[in-house]
Amino acid sequence: MKIMEIEGERNLSGTIRISGAKNATVALIPAAILTDEEVTICNIPEITDTEALCDILNALKVDVKRASESIIINPEKMENIEIAESFSKKLRASYYFMGALLGKYKKAVMYFPGGCSIGARPIDLHLKGFEALGAKIQNEGNKYIVEAEELKGANIYLDIASVGATINIMLAAVKAKGKTVIDNAAKEPEIVNVATFLNNMGAKITGAGTSTIKIEGVTHLGKCFHEVIPDRIEAGTYVIIGALCGNPLKIDNIIPEHIDSLLSKLEEAGVNLEIGADYVLVQKSEKYKATSIKTAVYPGFPTDLQQPFTVLQTQCNGKSKTTETIWENRFMHIPYLKELGANIEVKNQTATIIGPSKLKGCEVVATDLRAGAAMVAAALTAEGKTTITNVEHILRGYEQIVEKLTNVGAKIRIKEI
Ligand code: EPZ
């Protein structure tokens, strides 16, 4: 087991370079099997979720090479083998193999995906989309057999603008016969990145980034070169850390528009920001105004930054509120923030935070990935030493977090115990 130790209250100054987006990467890797030719994807983050997907590619006899920040995937000798539960349960995004295998072979056999326990996380919308395209679904316990004689384009309306369902349906539909229209599609930048990748391979997708995506089925997808967009959630996490400890901290290699909602909220709180073309410079202030947030689908305030943002709210003057609308169980970090000294009450899906509170280091748990990011932000702010357990969650999504923070002056280390 790994633990993280952080000595807080240090000023952080310098530059943190943001890596490729986890939530784009985890869809791009499965999407790459839709061709029989070699694809190269660069700006791939070195996180354990990437490794877990490469293990699945290896199990499917896909040739995978890693070269610095790139990955070269060649599915020429691939076989459509059942994906074992031990692989699928390592991460949520394993479910993208369902859409990709269905799109390529018209058959996918795999188990219910894993991922953070932040809610029930059903996959009914993915399955309904596959059915609309002509697939039949058999369900044996945790195992899903999704199969079609032929995939035919269809009009699909998503009851919820789900990121995963939008991408999975795109993957299944790119090679279907005729035209597919996804209405109430999710609009996240990761979806645009995946659609661009598929188009680079020869797909005909329009409208990605809007709520209507149109896919004209093609028979062949070929080789291509593609780049992962910068990780907006990693960027947002470090901008929040900058607001707590930056003196100043430059968050570099980002697309600031992707975190517009966060930057507006930080400005509302009185955070000192310089927003450049591909960076944000952030300087800690002594006093922040209470600021409330409500999570929403893109371009609303991202649920994935809600947990780190609550740490900033503990340092704001007065009463701030955070309302979580996407996941039912995304306040698991709150009891640990309270142990660190925060004054927070949770009622239904709203946390009320009264600040500012002096945080003092103690032992806390990273209950999920972004709760872990919140613990890191809180530990960097707190007086004394904080020990974080379940660090594996954090390493699923933050590339070289110890190195990046050490380089700007943090006292942080990971210990194997
Ligand atoms: C993606 O999850 C991200 N994960 C999540 O990030 C992120 O929190 C989420 O989108 C929302 O932005 C990946 O990209 C791998 P959804 P996803 O389908 O696709 C309900 C992180 O920390 N729903 O948009 O699983 C669902 O229960 C992770 O990096 C259904 O009811 O999210 C939720 O309430 C955590 N049926 C809402 O929709 C379905 O079939 C949005 O989920 C699918 C979803």
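Heads up: these notes are all about the structure in this document. Treat the numbers as computed from the prediction; the structure is a model and nothing was measured.

**What about the nonpolar core?**
Logical step 1: By size, the foremost hydrophobic cluster in this structure holds 77 residues, and its most contacted members are Ile-73, Phe-97, Met-98, Met-170, Phe-197, Leu-198 and Ile-205.
Logical step 2: At seven residues, the largest contribution of residues to this core is made by helix H6 (residues 163-173).
Logical step 3: When neighbours within four sequence positions are excluded, Ile-205 is seen to be in contact with Met-170, Val-174, Ala-195, Leu-198, Asn-199, Ile-213, Lys-214 and Ile-215.
Logical step 4: Listed in part, the 69 residues of the second largest apolar core include Ile-334, Ala-342, Ala-366 and Ala-378.

**Structural notes on the state of the cysteines**
Logical step 1: Counting across every chain of the model gives zero disulfides.
Logical step 2: You can see Cys-54 has no disulfide; the closest cysteine sulfur is in Cys-42, sitting 15 Å from it.
Logical step 3: We note that Cys-245 lacks a disulfide partner, and the nearest cysteine sulfur, in Cys-316, lies 14 Å from it.

**Let's talk about the layout of surface pockets**
In this approach a probe as big as a water molecule rolls over the atoms, and the regions it shows empty are the leftover space.
Logical step 1: In this model, the largest pocket occupies a volume close to 950 Å³.
Logical step 2: Of all the secondary-structure elements, those providing two or more residues to the lining of the largest pocket are helix H1 (22-31), helix H5 (124-132), H6, helix H8 (232-245), helix H10 (303-313) and helix H12 (369-381).
Logical step 3: Looking at the lining of the largest pocket, its residues break down into 20 nonpolar, six polar and 13 charged.
Logical step 4: Taken domain by domain, the makeup of the lining of the largest pocket includes at least three residues from each of domain 1 (2-19 + 231-416) and domain 2 (22-227).
Logical step 5: Computed from the structure, the second largest pocket encloses a volume of approximately 330 Å³.
Logical step 6: Looking at the lining of the second largest pocket, the elements that each hand over two or more residues are H8 and H12.
Logical step 7: The element contributing the most residues to the lining of the second largest pocket is H8, with three residues.
Logical step 8: Among the residues making up the lining of the second largest pocket, the classes are represented as seven nonpolar, six polar and six charged.

**Side note on helix H2 (residues 48-59)**
Logical step 1: The end-to-end C-alpha distance of H2 is 17 Å, a good match for the 16 Å that 12 residues give at a rise of 1.5 Å each.
Logical step 2: Listed in full, the buried residues belonging to H2 are Asp-49, Thr-50, Ala-52, Leu-53, Cys-54, Ile-56 and Leu-57.
Logical step 3: Structurally, H2 contributes buried residues whose contacts are with H1, strand E4 (63-67), strand E5 (70-74), helix H3 (85-88) and helix H4 (96-105).
Logical step 4: Where H2 terminates, the next one or two residues include Lys-61, which has phi positive at roughly 65°.

**Considering the sheet that holds strand E24 (residues 411-416)**
Logical step 1: Spatial strand order, E22-E23-E1-E24: four strands in an open sheet with mixed pairing. Across the chains shown, the open sheet's two edge strands, defined by having one partner strand only, are strand E22 (363-365) and E24. Each neighbouring strand pair of the sheet contributes to a mean axis angle of 25°, computed without reference to strand direction.
Logical step 2: Judged from the three bridges that link them, E22 and strand E23 (residues 385-389) form a sheet pairing that is parallel. In the sheet register, Val-365 faces E23, and the bridge partner there is Thr-389.
Logical step 3: Here H12 sits on the sheet in contact with strand E1 (2-7), E22 and E23, set at roughly 30° to E1.

Rules of the game
- Residues numbered from 1 in each chain as written.
- Predicted model: local features only at pLDDT ≥ 70, side-chain atom pairs only at ≥ 80, totals over all residues.
- Heavy atoms only, no water.
- Core = buried A, V, L, I, M, F, W, Y, C linked by side-chain atoms within 4.5 Å.
- Buried < 20%, exposed > 50% of the residue type's maximum accessible area, 1.4 Å probe, protein only.
- Helix = DSSP H or I, 4+ residues; strand = E, 2+ residues; numbered from the N terminus.
- Contact = heavy atoms within 4.5 Å.
- Disulfide = S-S within 2.5 Å.
- 1 Å grid on protein atoms, 1.4 Å probe; cavity = no way out; pocket = protein on both sides within 12 Å on 5 of 7 lines; lining within 4 Å.
- Points joined across faces, edges and corners; volume = space filled by probe spheres on them.
- Nonpolar A, V, L, I, M, F, W, Y, C, P; charged D, E, K, R; others polar.
- Domains from an automatic or database assignment.
- Expected span 1.5 Å × (residues − 1).
- Pairing = 2+ DSSP bridges.
- Axes fitted to C-alpha atoms, helices over the stretch in contact; angles between N-to-C directions.

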